[in-house]
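A closer look at the structure
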Amino acid sequence: MIMRLKRKRISVVKEKLNLVFRVSLLILVKNQLVWPHSALQYEYEYVSESTSFKSLDIKLFTTGELDIITSHGISETEKSGRLNLLKKITYYRNFYALKGLLAFYAAWLRKIESGQRSWKDDPTCIVPVLSPYILSKSDSSSGDDFAGVEIPELSAKAFLELQNVLAFRGIEESEHKAVGPSTRMEFLGIICDSVKMTLEISIERLTDVDLILLEWVGKEFASKREIQSLIGKLNLSGVVSDPDECLFLEYIID
């Protein structure tokens, strides 16, 4: 009889603990959000169910996040907030390790899920999360050019922040190459126009491609270096056109 009472009490305690645990989870996650690895598992067959958020590389992370942003199942506010978060992560990629970027993203989503923050808030308030993941100068100086996108009202501030980050990391800026906030800018050979929302190839580069193509008319033999040069020129042009129109490059490479 005593044993039965004890067992009954134990089962009652377990039920109460389970109830408290379930309630605490509901309180912790007020707004359940979709995470990039979940979006990938749903959309892409080659991403297995065992793929975790921490195992994502930057390409898979970006693909998963863009799938969420372009989906019809989220509000305009969330789309805007996610796009803003992705822009900041893309910008921070030059200065912080991927592990830190994922930690930054996860910390912000957990704050939104718990109700502490909303998609209308600015995620830069948790930038200290990135502190342990600063890249060394040798790692962060591999690229020559940096570019960013911001709304007109904040563009000057963003440009100044980029200059400050470069100075803090000991990266010398080529002032004669720096371009301040503008709606039209040439970056890595591509002209970006944020008013017309277009990508263009400069006349000089198009002329260069035309001259190379003229050299190839009637050509029966070519060296490996000549073929690589041709692919490089055509690939740059293909960046600003429909990817489906550049499938011929695959045949050249193969």
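Residues numbered from 1 in each chain as written. Predicted model: local features only at pLDDT ≥ 70, side-chain atom pairs only at ≥ 80, totals over all residues. Heavy atoms only, no water.

**Focus: the overall build of the chain**
Operational definition: Only DSSP runs of H or I covering at least 4 residues are called helices, and only runs of E covering at least 2 are called strands; the numbering of each starts at the N terminus. Classification of residues uses two cut-offs on accessible area relative to the type maximum, computed with a 1.4 Å probe and protein chains only: under 20% is buried, over 50% is exposed, and between them is partly exposed. Residue contacts follow a heavy-atom distance rule, with two residues in contact if any of their heavy atoms lie within 4.5 Å. The accessible surface values rely on the Shrake-Rupley method and a 1.4 Å probe; as for residues, cover is taken only from the protein chains in view.
Looking only at helices and strands, the chain features ten helices and three strands. Secondary structure elements of the chain, listed N to C terminal, follow the sequence α-α-α-α-α-α-α-β-β-β-α-α-α. Counting only residues that meet the buried cut, the chain has 26% of its 254 residues in that class. Contacts spanning at least 24 positions in sequence make up 53% of the contacts within the chain whose residues lie at least 6 apart. By element, 57% of the accessible surface of the chain is carried by carbon and sulfur atoms, the whole surface being about 18200 Å².

**Comments concerning unusual backbone geometry**
Notably, methionine 197 is not glycine yet its phi reads approximately 55 degrees, a positive angle. Within the fold, methionine 197 resides in the loop between strand E2 (190–193) and strand E3 (198–201).

**Brief notes about the environment of serine 114**
Put simply, the rule reads: Definition of a polar contact: a pair of N or O atoms within 3.5 Å, with one able to donate and the other able to accept a hydrogen when the atoms are protein atoms, and with sequence-neighbouring residues admitted only if both atoms are side-chain atoms.
One can find serine 114 in the loop between helix H5 (98–113) and helix H6 (137–140). By relative accessible area, which is 12% here, serine 114 ends up buried. A polar contact is formed between the side chain of serine 114 and the backbone oxygen of lysine 111, at a distance of 3.0 Å.

**Here we look at the packing of aromatic side chains**
Convention followed: Only centres within 6.5 Å qualify two rings of Phe, Tyr or Trp (six-membered ring in Trp) as a pair; their planes then separate them into stacked at under 30 degrees, edge-to-face at over 60, and tilted for everything else. Both a distance and an angle decide whether a charge sits over a ring: NZ of Lys or CZ of Arg must be within 6 Å of the ring centre and within 35 degrees of the ring normal.
Counted according to the given criterion, the structure contains nine aromatic pairs. When the ring of tryptophan 35 is compared with that of phenylalanine 53, the centres are 5.2 Å apart and the planes differ by 90 degrees; the resulting orientation is edge-to-face. With tryptophan 35 in the loop between helix H1 (2–28) and helix H2 (36–43) and phenylalanine 53 in the loop between H2 and helix H3 (58–69), the pair connects residues that are 18 residues apart, well separated along the chain. On the basis of relative accessibility, which here comes to 11%, the residue tryptophan 35 falls in the buried class. Taking relative accessible area as the criterion, phenylalanine 53 reaches 10% and is therefore assigned buried. Their ring planes at 90 degrees and their centres at 5.0 Å tell us that phenylalanine 61 and tyrosine 105 sit as a pair that is edge-to-face. Here phenylalanine 61, found in helix H3, pairs with tyrosine 105, found in helix H5; they are 44 residues apart in sequence, far enough to count as distant. Among the aromatic side chains, those forming a connected cluster through ring pairs are Tyr91, Tyr92, Phe95, Tyr96 and Phe104. Lying over the aromatic face of tryptophan 216, lysine 219 brings its terminal NZ or CZ to 4.9 Å of the ring centre.

**Comments concerning the sheet that holds strand E1 (residues 184–187)**
Quick note on the threshold: Pairing between strands requires that DSSP locate at least two bridges from one strand to the other. Fitting a line to C-alpha atoms yields each axis, with helices limited to the stretch in contact; the angle taken between N-to-C directions then spans 0 to 180 degrees.
With antiparallel pairing, three strands are arranged side by side in an open sheet as E1-E2-E3. Every interior strand has two partners, whereas the edge strands, E1 and E3, have only one. With direction set aside, neighbouring strand axes in the sheet form an average angle of 25 degrees.

**A word on the packing of helix H4 (residues 76–92) against H5**
Here is the rule we go by: Should an angle lie under 35 degrees it is considered roughly parallel, over 145 roughly antiparallel, and from 65 to 115 roughly perpendicular; all remaining angles are considered oblique. Less than a right angle of anticlockwise turn of the near helix away from the far helix marks a crossing as left-handed, whereas a clockwise turn marks it as right-handed. Amino acid classes used here: Ala, Val, Leu, Ile, Met, Phe, Trp, Tyr, Cys and Pro are nonpolar; Asp, Glu, Lys and Arg are charged; the rest, including Gly, are polar.
The contact between H4 and H5 brings their axes to 10 Å, and the two run at 160 degrees. When the axes of H4 and H5 are compared, the pair comes out roughly antiparallel. Every pair of crossing elements has a handedness; the one defined by H4 and H5 is right-handed. For the pair H4 and H5, contact is made by Arg82, Leu85, Ile89 and Tyr92 and by Leu101, Phe104, Tyr105, Trp108 and Leu109, respectively. For the contact of H4 with H5, a count of residues per class yields eight nonpolar, no polar and one charged.

**Describing the environment of leucine 40**
For leucine 40, the location among the structural elements is in helix H2. Overall, leucine 40 belongs to the buried group, its relative accessible area being 0%.

**Section: helix H8 (residues 203–216)**
Note the cut-off: Here a helix's expected span is defined as the number of its residues, less one, multiplied by 1.5 Å.
With 14 residues, H8 should reach 20 Å at 1.5 Å per residue; the first-to-last C-alpha distance of 20 Å fits that figure. Positioned one or two residues after H8, glycine 218 has a phi angle of 80 degrees, which is positive.

**Details of the side chain of glutamate 113**
This is how the line gets drawn: A positive count includes Lys and Arg, and a negative count includes Asp and Glu. His and the chain ends are not counted in either. Salt bridge, as used here: a side-chain nitrogen of Lys or Arg that lies within 4 Å of a carboxyl oxygen of Asp or Glu.
Residue placement: glutamate 113 occurs in helix H5. Of the side chains bearing the opposite charge, arginine 110 lies closest to the buried glutamate 113, which forms no salt bridge; the N-O distance is 6.0 Å. Within the local environment of glutamate 113, its side chain forms a polar contact with the backbone nitrogen of leucine 33, the two atoms lying 3.2 Å apart.

**Quick look at the packing of H3 against H4**
It is the contact of H3 with H4, at a shortest axis distance of 10 Å, that shows an interaxial angle of 160 degrees. Classified by the angle between their axes, H3 and H4 sit roughly antiparallel to one another. Of the two elements, H3 crosses H4, and the hand of that crossing is left-handed. Across the interface between the two elements, Phe61, Glu65, Leu66, Ile68 and Ile69 from H3 touch Lys79, Arg82, Leu83, Leu86 and Ile89 from H4. Class assignment of the residues belonging to the contact of H3 with H4 gives a composition of seven nonpolar, no polar and three charged.

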